[in-house]
Structure formats: structure tokens, C-alpha cells
Amino acid sequence: MLQLRFTNLFAGLPASVLNSISPASPLKRLARVAGYAGLRLVGHLFQPIHNADQLHGAVWLYVVSANNYDALSFIKDARPEAVLVAGQGKNIGRYGKAVNRLSLRRKLLYYWQYPAALLGLRREVGNRALRFFDLVFYALGYYEVYRRALRHYRPQAVVFANDHNDDARALLLACRAEGVPTAYVQHASVSTNFPPLGFDLSLLEGQDALDKYHQCGPVRGRVELVGMPKADAFLAQRNTAPQVRRVAVACNLLDELPALAETLAYLLRELPALTFTLRPHPGDQRDFSALRHALPGLHWSDPHKENVFQFLQAHDALVAADTSTHLEATLLNVASVYYRFSPTPTLADYYGYAAHGLSEWAHSLPELAAALGRLAQHKPLDLYRRAAYYNATLGTPDEGHSRELAVRQLSEWLAGPAAGA
């Protein structure tokens, strides 16, 4: 369940990012654990659950975020009998009221296992178990509660869009134990640090994802390459501008605000003819007011009001560090420049976009300004072809029809003996 949390990659995240997940101070971690116990474990006991849909015998679309909801909602559109579900109290952003909830009230009953779990993990991963004792605490009970829910509702199958969060992995393991078929729809670029692919059916976007999963470990079940369903509606509206005039800048929690501010100030000063728009990650709750005040010439995108494709459609080039937005930009023929605002040794070209020629890698601010200056003179019209390694339907008759292809593969699987039909 916590495979990704005990990797060298996770331990090497920038201190500001790691502290937002698990504080460095043991006292602060303990305070968070106490808050979780009071607000979640005890709070769930008094939180009513009224699901709008029938969960018994249905196909579950399990989501852990708004991005997951966007990645799986097309299945709900094609198969109205499918139901979107999430754990009780899980933050699904703007879709919070649109998903059914699985009760976590009994999670409290399994915390007697905590001392043994922590000691066992310490034998496996050393002192990292103690460093992240809060993450171990949060994960306890998911597996047992989800096994109980599966026995109660007996879903036909469970479809995931996340394969590495603790609650999603708990449900996957519970499904294996209870004999419930599982499917996976890739919702963003993957990493070789992810857990091994462990579903009965995996619908991946392209060869890149499959190659990376082979590096993660044995690939379980059937795999089909179906392209990127969430991009279908936008592929016919590619950017045809021969020159870059509008530059999108995407950031996430890995990008520290001082370094981001320095980069934006430099670009605004060196390239006054270009327009720059910053888009924080939808889950980024940092205070950007100082940046807004310091850079009045910077435009802003609200990630809660427009999705990433709508954002990219209004721009000719993208500047970002480690984010799958590079792939989405390239699919729209938006020029992609990879620039690390806050360099860390463990995250250099995390998704391999620069290594495979999808993005141009600017190693310094002068290189970044030079790259954008060249693109301001000429932007190729066939940049999108670079994404073929990542999107299997690109250049095929199925291009722009990944949703239909994914639904067809899923429906055939559900109708077969593997899904218990």
C-alpha cells in the first residue's frame, strides 16, 4: 500500500514538499496523527452517507481526486449503470458531491495493528518507517474496510485511475483477496518508481507507459494501448500558429515559489513581446498573492475553472518542470520546453520527455529565454508527431476516438469470463 512512500525518490523530494506530506518535526507529525484520529476516524462515525446510486453488483469507478474523476467519467457516460465511488471524506474537489461514498467508519477498529505494522515496516525499510509513521497511521484499516465493502456490495468489477495511492492500493489488494476483477485506466504519465502493474485489464495510453511498467516489475493481466481518452475532444483543434506569442507556465508543489518568481521575472523582462500565463496545480493551496503583486504583467489561469486542455488551447508554448502537461501540450501542437524551476537530483527529466525528444530541455534561464526567442520566430506545425511514443492512437484511424476504443475494450472484458459475467 505504501510502496511509493518508501522509495528513494520520495525521500529525496524537496523539503518543502516532503514537509507538506509528512512534517520533519516528530511533534508536528504526532499532531497531524491526532487531528486525523479526531476528524477522520472519530468524525466518520457521525458523518451520514446517502448514496444516490445502487452500488450492489455495479461496475465501480474508483476515484481519489478530481483528475481521476475526469479520467473515468467517460465510462459513466457510455455505461450509465457504472457508479463513481470514493472513500468516505475523500476530497474529490468540485466533484465531491457527485460520487458515492464507501463507509470508513469501521477503519477505527483496526488500529490495534499499528504497533506491529510499524515494527514490521521498520524491519523491512529501516528508520524510514519511523520517519513516516504518520503515513503508516493513515493507511491502516483501508484494506480490511474495503474487503468488507466488497463482500457486502459484490461489484461486478472495479475500475481504477490511480495505482499508487495508499487507499487505491488497499482496494486493489482487497479486490484480489475477494476475487473481484479489476481494471485500470491510465490518467497521467507514469514513472518507473510506480508499483508493478497489477490489474486484470490495463488500458494504457501508449508504449511509453508499458515500457516503464515493465521496468517496475512483472506486468499482470491483459494490457491494451488505447491512447488518451481525455484528449479526444481537443485533438482536432491543434495549434496552427507559426510563431509563439502566448506562453503557458505550469507549476506544481515541487516548484518552489522563490525559484518560480525568479524565472517569471526574468522571462517578463527578457521577452516583453510575449504574454505569460501561470497555472498552478489544482491541488496547490499555497498563497500566490505576493507573486501577483510583484509581477502585475503576469496573467493567471484558474485550474478550478478550466481544465488543462482549455488552458493550453489559449497558448502557443509551454514552460514547465516535471508534469504530464508537457505531453498534453505536445498533442495540441503547443511547443514544450522543459525547465526545472527548483532542481533536485532525483527528479531530473522524471517522465523522460526530454530524453525521448518530446520536450526541449532548457538548463538555464538564458537557455530558456533563447528557446522561447527561437519559437517566437518559428514554431513547427508538426510538433504533435513527437507524442506518438506516448499516445498509441496518434496517426491511426483511432486518433481522437480513444474513449470509444477504451469503452469497447472494457465492455468486451466485462462481458467475458474474466470479469465474472
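Scroll up to find the structure.
Residues numbered from 1 in each chain as written. Predicted model: local features only at pLDDT ≥ 70, side-chain atom pairs only at ≥ 80, totals over all residues. Heavy atoms only, no water.

Student: In this structure, what is going on with unusual backbone geometry? I would like to understand it.
Tutor: Generally, phi is negative for residues other than glycine and the peptide bonds are trans, each holding for most cases. Notably, Arg 154 is not glycine yet its phi reads approximately 45 degrees, a positive angle. Structurally, Arg 154 can be placed in the loop between α8 (142–153) and β4 (157–160). Its relative accessible area of 39% is what places Arg 154 among the partly exposed residues. You will see that Asn 333, though not glycine, has its phi angle at about 65 degrees, which is positive. (Helix = DSSP H or I, 4+ residues; strand = E, 2+ residues; numbered from the N terminus. Buried < 20%, exposed > 50% of the residue type's maximum accessible area, 1.4 Å probe, protein only.)

Student: Where do I start with the sheet that holds strand β11 (residues 317–320) in this structure?
Tutor: For sheets, the rule is that strands pair by backbone hydrogen bonds, running either parallel or antiparallel. Sheet architecture is open: six strands sit in the order β10-β9-β8-β11-β12-β13, paired in parallel fashion. Unpaired on one side and paired on the other, β10 (299–300) and β13 (360–361) mark the two borders of the sheet. When strand β8 (residues 246–250) meets β11, the two strands line up parallel, connected through four bridges. Following the sheet pairing, Val 247 is matched in β11 by Ala 317. Its contacts with the sheet place helix α11 (residues 257–270) against β8 and β9 (275–279), and it is angled at close to 165 degrees to β9. Contacting β8, β9, β11, β12 (335–338) and β13, helix α15 (residues 365–377) crosses the sheet at an angle of about 170 degrees to β12. (Pairing = 2+ DSSP bridges. Contact = heavy atoms within 4.5 Å. Axes fitted to C-alpha atoms, helices over the stretch in contact; angles between N-to-C directions.)

Student: Looking at this model, I keep getting lost on the side chain of Arg 279. Mind explaining?
Tutor: Considering the arrangement of structural elements, one finds Arg 279 in strand β9. Buried charge without a salt bridge: Arg 279, with Glu 306 as the nearest opposite-charge side chain at an N-O distance of 4.5 Å. When sequence neighbours within four positions are dropped, the list of residues in contact with Arg 279 reads Val 249, Ala 250, Cys 251, Ser 301, Asp 302, Pro 303, Glu 306, Asn 307, Val 308 and Phe 311. (Lys, Arg positive; Asp, Glu negative; His and termini not counted. Salt bridge = Lys/Arg side-chain N within 4 Å of Asp/Glu carboxyl O.)

Student: What exactly am I supposed to notice about the sheet that holds β4 here?
Tutor: Reading across the sheet, the seven strands line up as β3-β2-β1-β4-β5-β6-β7 and stay open at both edges, with parallel pairing between neighbours. Unpaired on one side and paired on the other, β3 (100–102) and β7 (222–225) mark the two borders of the sheet. Ignoring which end each strand starts from, the neighbouring axes of this sheet average 25 degrees apart. Here strand β1 (residues 59–62) runs beside strand β2 (residues 83–87); their pairing, made up of three bridges, is parallel. Bridge pairing in β2 links Leu 61 to Leu 84. Docked against the sheet, helix α9 (residues 166–178) engages β1, β4 and β5 (182–185), running at close to 150 degrees with respect to β4.

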